[in-house]
Amino acid sequence: MKLKVITNSEEETKNLGKKIAETIGNNKKTIVLIGDLGAGKTKFTEGFLSYHNLEKEISSPTFTIVNEYENSKVKIYHFDVYRLSDVDEFYAIGGEEYFEKGICIIEWGELIKEALPKHYMEIKIEREDNSDDKRIFYIEEK
Ligand code: ADP
Ligand code: MG
């Protein structure tokens, strides 16, 4: 089943992230975020982290491939794999091992498709018009 959700502001996208975090709880899960630069992948992640009270520490992982967040109940790994030149680089940093450790949120995850676990949540973000704040989210269990 594919769920379609529309947001009209950064705040609404953060709320969506928070809601998805609530449905997942502390369970291990991989979430793949697909969407162009500025789509809202990092804002979604901020909202997700806020559910666990971990958002204050967020920094864009643009210059590190993965940022780690944890409290006493949950470990969350936030990846941005855009700058990896290929999937072998993901294997080289031990990327696959994170899937077993906690919740993984992967910006540009489609670029490492072959390394993804068998089951994951795919979230595609689309814009109808670059000039406005509307974003369309397609959420699907794979
Ligand atoms: P990405 O990580 O996909 O490159 P970011 O989350 O870093 O994108 O940035 C999204 C940008 O778009 C932010 O500047 C944010 O304020 C803006 N924005 C406008 N409308 C929305 C929306 N509906 N959802 C998320 N971000 C939005
Ligand atoms: Mg980002």
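Residues numbered from 1 in each chain as written. Chains lettered and ligands numbered in written order. Predicted model: local features only at pLDDT ≥ 70, side-chain atom pairs only at ≥ 80, totals over all residues. Heavy atoms only, no water.

> Which parts of the structure should I look at to understand the coordination of the magnesium ion (ligand 2)?
Expected angles at a metal are 109.5 degrees for tetrahedral coordination by four donors and either 90 or 180 degrees for octahedral coordination by six donors. Only Thr42 (OG1) and Glu107 (OE) from the protein reach the magnesium ion (ligand 2) as donors, at distances of 2.2 to 2.3 Å. Within this pair, whereas threonine 42 is found in helix α2 (residues 41-51), its partner glutamate 107 is found in strand β5 (residues 103-107), the two being separated by 65 residues in sequence. Note on threonine 42: relative accessible area 24%, which makes it partly exposed. Classification of glutamate 107 by relative accessible area gives buried; the value is 3%. (Donors = N, O, S within 2.8 Å, 3.2 Å for Na, K, Ca; no water. Helix = DSSP H or I, 4+ residues; strand = E, 2+ residues; numbered from the N terminus. Buried < 20%, exposed > 50% of the residue type's maximum accessible area, 1.4 Å probe, protein only.)

> Sorry if this is basic, but what is going on with the site of ligand 1 here?
Not every one of the 16 residues close to ligand 1 is listed here, only the nearest: Glu10, Thr13, Gly38, Lys41 and Asp133. Between ligand 1 and threonine 13, the relevant distance is 2.5 Å, taken from a nitrogen atom to a side-chain nitrogen or oxygen of the residue. Aspartate 133 places a main-chain nitrogen or oxygen 2.7 Å from a nitrogen atom of ligand 1. Compared with its free state, where it exposes 570 Å², ligand 1 has 78% of that area covered by protein. Every element with two or more residues in the shell around ligand 1 is listed here: α1 (10-24) and α2. Here the shell around ligand 1 takes 3 residues from α2, the largest share from any one element. (Near = heavy atom within 4 Å. Polar contact = N/O pair within 3.5 Å; in protein donor to acceptor, adjacent residues only side chain to side chain. Areas by Shrake-Rupley, 256 points an atom, 1.4 Å probe, with all protein chains shown as cover.)

> I tried to follow the packing of aromatic side chains on my own but got confused; where do I start?
Given two aromatic rings, one states the distance between the centres and the angle between the planes to describe the pair. Per the stated rule, a full pass over the model turns up 6 aromatic pairs. An aromatic cluster is defined as three or more aromatic residues linked by ring pairs; in this entry it consists of Tyr77, Phe79, Phe90, Tyr98 and Phe99. For the cation-ring pair, lysine 101 lies above tyrosine 98, with the distance from its terminal atom to the ring centre recorded as 4.6 Å. (Phe/Tyr/Trp six-rings, centres within 6.5 Å; stacked < 30°, edge-to-face > 60°. Lys NZ or Arg CZ within 6 Å of the ring centre and 35° of its normal.)

> What is the right way to read the pairing of β5 from this model?
Looking along a regular strand, one sees side chains alternate from face to face of the sheet. Along β5, 5 of the 5 residues are buried, which leaves the element largely enclosed by surrounding structure. Side-chain alternation along β5 places Ile103, Ile105 and Glu107 on one buried face and Cys104 and Ile106 on a second face that is also buried. Sheet analysis places strand β2 (residues 29-34) next to β5, joined by 5 bridges and oriented parallel. Among the inter-strand pairings, threonine 30 is bridged to a residue of β5, identified as cysteine 104. Two strands pair when backbone bridges link them, and strand β4 (residues 75-80) and β5 are joined in this way by 5 bridges, in the parallel orientation. By the bridge assignment for β5, phenylalanine 79 is matched with isoleucine 106. (Pairing = 2+ DSSP bridges.)

> Whenever I open this one, a negative patch on the surface confuses me. Can you help?
Where like charges cluster on the molecular surface, the negative patch consists of Asp86, Asp88, Glu89, Glu96, Glu97 and Glu114. Of all the secondary structure elements, the ones that give two or more residues to the negative patch are α3 (87-92) and α4 (95-98). Structurally, aspartate 88 is set in helix α3. (Patch = residues over 30% accessible without salt bridge, like charges linked within 9 Å, V, L, I, M, F, W, Y side chains within 5 Å. Salt bridge = Lys/Arg side-chain N within 4 Å of Asp/Glu carboxyl O. Lys, Arg positive; Asp, Glu negative; His and termini not counted. Charge placed at Lys NZ, Arg CZ, Asp CG, Glu CD.)

> I would appreciate a short explanation of the nonpolar core in the present structure.
Considering soluble globular proteins, one finds that nonpolar side chains tend to be buried as a cluster. Counting 21 residues, the largest nonpolar core has Ile20, Ile31, Phe44, Phe48, Ile76 and Ile123 as the members making the most contacts within it. For this core, the secondary-structure elements that each account for two or more residues are α1, β2, α2, β5, β6 (121-126) and β7 (135-141). With 4 residues, the single largest contributor to this core is α1. Apart from the residues within four sequence positions on either side, phenylalanine 44 is in contact with Thr13, Leu16, Gly17, Ile20, Leu33, Ile123 and Phe137. (Core = buried A, V, L, I, M, F, W, Y, C linked by side-chain atoms within 4.5 Å. Contact = heavy atoms within 4.5 Å.)

> For this particular structure, what's the right way to read unusual backbone geometry?
For residues other than glycine, phi is negative in most cases, and the peptide bonds are mostly trans. Even without being glycine, asparagine 53 reaches a positive phi, approximately 60°. Relative to the elements of secondary structure, asparagine 53 occurs in the loop between α2 and β3 (66-70). The residue tryptophan 108 is not glycine, and still its phi comes out positive at about 65°. Topologically, tryptophan 108 is positioned in the loop between β5 and β6.

In short, the description is geometric, and any link to function would need to be established separately.
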